[in-house]
Amino acid sequence: MAPDLPIQDRQLDMHGISRVEGEGSLHVRIRDGALENVELEIFEPPRFFEALLRGRGFEEPPDITARICGICPVAYQMTACAAIEDCCATEIPESISRLRRLLYCGEWIQSHALHVYLLHAPDFFSCADAVELAMVDRGAVERGLRLKKVGNLLMETVGGRAIHPVNVRTGGFYRAPELGSIRALADPLRAALNDALETVTWVASFDFPDVEGEYRFVSLVHPDHYPIESGRIASSDGLDLSPAEFADLVVEEHVARSTALQARISGRDTYLTGPLARYALNQERLTPRAKEAAATAGLGERCTNPFRSIVVRAVELVFACEEALRLAEGYVEPEPPSVVVEPKPGTGSGATEAPRGLLLQRYEIDEQGTILSARIMPPTSQNQLTIESDLRRVIEDGIALDDAALTARCELAIRNHDPCISCAAHFLDVEIERS
Amino acid sequence: MNHRVVVAGLGNDYRGDDGAGPAVARLVAASTGAVDIGPIAEPLDLLGKWDGACVAVLVDAMRTGAPPGTVCVVDIETESSRQTTSTHAIGLGRVVRLASVLGTGPRRVVVLGVEGADFADGQGLSDAVVRAVPRAAATAAELLFAAGLQS
């Protein structure tokens, strides 16, 4: 921030935005009271996972890619499995698919609970962090921690442990959880469902800036259910593609200021994945309680106010608890716990819905199963340009704010999308320049 | 869980010297009878595991530039005020403060750091850290005893 400049000419520097993963910076330049430029500069070193995967065996991606993120390892594992199984033309039995979906619900619950309560909600109370929020509303933070704990329990029970689960393999699982251990999840999940419903009521009461974004939403869609681990890829402007077709259509560009690739849909430009997109394209397939909660919260058929993404996440918490409960109550041990995946030369693509958006992976393997090439498109890479557009809109709307208030508004705008820079290999300090 | 005295190693046994905390915690538990609630991969995971404890000793690997194997007591107040830059991780200091605000954490928390040298993938501690483990465990036991007397 440059304190000597008049308010119509200023530069704000935001270094090390809290509650945003990774390293980078945002530079904002305001001249004569008008926004001149917004640039996300990303300088965290790229992580070269795609290169690291080359030459490895076709059964290794679930374990290797899980290490990209400590919050959404299941998303990486499930997507890697989907891509490899697509390449090898492996049919996955329904019992294994359902167990995968149950595991993924655990990740949604713990990730959304963490973001809603400990990372995003403090902004709406002008609290610096969850500690201050606990001083203001202890019961809310306790509720969030209870939810996160149930998500972790689910991941531990199905995946073996909550961070980087060890029970996932191509073709299924190393071991099927015993019936009793899954049925024992029912009571905690019922309690979590109640907590999730209270979460929706709580966040819907927040005071949101009156901002509407213009988004091209992209998410998985599935004819039978709200999408998590499978489906085709649709957009709000009419795309309906397989993961392979979508991967072909997305152009990833490198720009000098960023070590991350920036994604655009060829011929259509930027797009947004994540809760707002999933909800807009799938809200009619939410579970009954989640649908009811969304209606009570006044979400309508779509939500284009990015600040209200916290309400959509809360609705997805209800959905994930309800869906996990259904799957736990109907659990049948898959026998065997995995099917054999035989290497088949070719290319396979997989897409799933990570908590913060669409995740794609594509692998090319040879006849021995050696990986010849790998492509990973995490949600934050895909959302980065849209986040920049959001920031432009937020700054223009709030240009009369002083630098501190405008910086806080920018940070909130970024957290609306829960960017995971570890996944995308990037991000964030902020600099606003008025000159 | 309602153990009066708990110990936890923070870290990953599969990342070289990041396993220093769990190694020390195991030794402390074996020699003092404190309950080992680790290893802890993410500080938030302490919530719930240490509820009701009177005293908790946490042991973590550190990288401060000190000679590898250096053992020191970390000032948790300083650590808790440090700015973090993560969307997804909440630092140990903030977790301790959060537990305190919620009234669920141990009455006393003591944090011990062990300077690491090599955090590459793979099991096994570096020589300097191997030598530091019994020394750190002895320090931890003394801290447990002293904290227990004061609580």
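Everything numeric in this text was worked out from a predicted model, so none of it was measured. (Residues numbered from 1 in each chain as written. Chains lettered and ligands numbered in written order. Predicted model: local features only at pLDDT ≥ 70, side-chain atom pairs only at ≥ 80, totals over all residues.)

**Side note on the overall build of chain B**
From N to C terminus, chain B includes four helices and five strands. Reading the helices (α) and strands (β) of chain B from amino to carboxyl end gives β-α-β-β-β-α-α-β-α. Across the 151 residues in chain B, those meeting the buried criterion constitute 48%. Of the contacts formed within chain B by residues at least 6 apart in sequence, a portion of 78% connects residues at least 24 apart. (Helix = DSSP H or I, 4+ residues; strand = E, 2+ residues; numbered from the N terminus. Buried ≥ 20, exposed ≤ 12 C-beta atoms within 10 Å, placed from the backbone. Contact = placed C-beta atoms within 7 Å.)

**Some words on the packing of helix α11 (residues 288-296) of chain A against helix α12 (residues 309-329) of chain A**
All names here are of chain A. At a minimum axis separation of 8 Å, α11 and α12 run at an interaxial angle of 165 degrees. In this view, α11 runs roughly antiparallel relative to α12, as classed from their interaxial angle. Crossing handedness for the pair α11 and α12: right-handed. On α12, the residues touching Arg-289, Ala-290, Ala-293 and Ala-294 of α11 are Val-315, Val-318, Phe-319 and Glu-322. Among the residues forming the contact of α11 with α12, the class breakdown is six nonpolar, no polar and two charged. (Axes fitted to C-alpha atoms, helices over the stretch in contact; angles between N-to-C directions. Parallel < 35°, antiparallel > 145°, perpendicular 65-115°, else oblique. Left-handed = near helix turned anticlockwise from the far one by under 90°. Nonpolar A, V, L, I, M, F, W, Y, C, P; charged D, E, K, R; others polar.)

**Some thoughts on the sheet that holds strand β13 (residues 371-377) of chain A**
Residues and elements named next belong to chain A. The antiparallel open sheet is built from three strands, whose spatial order is β11-β12-β13. This sheet does not close on itself; its edge strands, each paired only once, are β11 (346-354) and β13. The average angle at which neighbouring strand axes cross in this sheet is 15 degrees, direction not considered. Inspection of the sheet shows strand β12 (residues 357-365) paired to β13 by six bridges, in the antiparallel sense. (Pairing = 2+ DSSP bridges.)

**What to know about the environment of A:Gly213**
All names here are of chain A. With respect to the helices and strands, Gly-213 occurs in the loop between α8 (186-204) and β6 (218-221). Along the chain, Gly-213 and Leu-119 lie 94 residues apart, while their C-alpha atoms are 22 Å from each other. Apart from the residues lying within four places of it in its own chain, the contact partners of Gly-213 are Thr-304, Pro-306, Asp-390 and Arg-393.

**Brief notes about the nonpolar core**
A:Ile109, A:Val315, A:Val318, A:Cys321, B:Val24 and B:Val57 are the most contacted members of the largest nonpolar core, which totals 156 residues. By size, the runner-up hydrophobic cluster in this structure holds twelve residues, among which are A:Val38, A:Leu391, A:Ala413 and A:Ile414. (Core = buried A, V, L, I, M, F, W, Y, C linked by C-beta atoms within 7 Å.)

**Topic: the sheet that holds strand β8 (residues 240-241) of chain A**
Residue and element names in this part refer to chain A. Spatial ordering of the open sheet is given by β6-β7-β8, a layout of three strands whose pairing is antiparallel. Every other strand in the sheet has two partners, leaving β6 and β8 as the edge strands with one partner each. Pairing between β6 and strand β7 (residues 232-235): four bridges, direction antiparallel. Among the inter-strand pairings, Val-218 is bridged to a residue of β7, identified as Ser-235. Lying on the sheet, helix α10 (residues 275-282) is in contact with β6 and β7; it crosses β6 at an angle near 50 degrees.

**Some points on α12(A)**
Each turn of an α-helix holds 3.6 residues, which means side chains three or four residues apart point in the same direction. For α12(A), with 21 residues, the first-to-last C-alpha span of 30 Å sits near the 30 Å given by 1.5 Å per residue. The buried count for α12(A) comes to 19 of 21 residues, which makes it a mostly enclosed element. (Expected span 1.5 Å × (residues − 1).)

**Looking at the confidence of the model for chain A**
When pLDDT is low, close inspection of the predicted coordinates is not appropriate. All names here are of chain A. On average, residues of chain A score 87 in pLDDT, and 87% of them reach the 70 mark or higher. A low-confidence stretch, residues 16-22 (pLDDT under 50), is modelled with 36 contacts involving residues beyond four sequence positions or located in other chains. Scored below 50 in pLDDT, residues 421-429 shows 55 contacts in the model against residues more than four places distant or in partner chains. (pLDDT = per-residue confidence, 0-100.)

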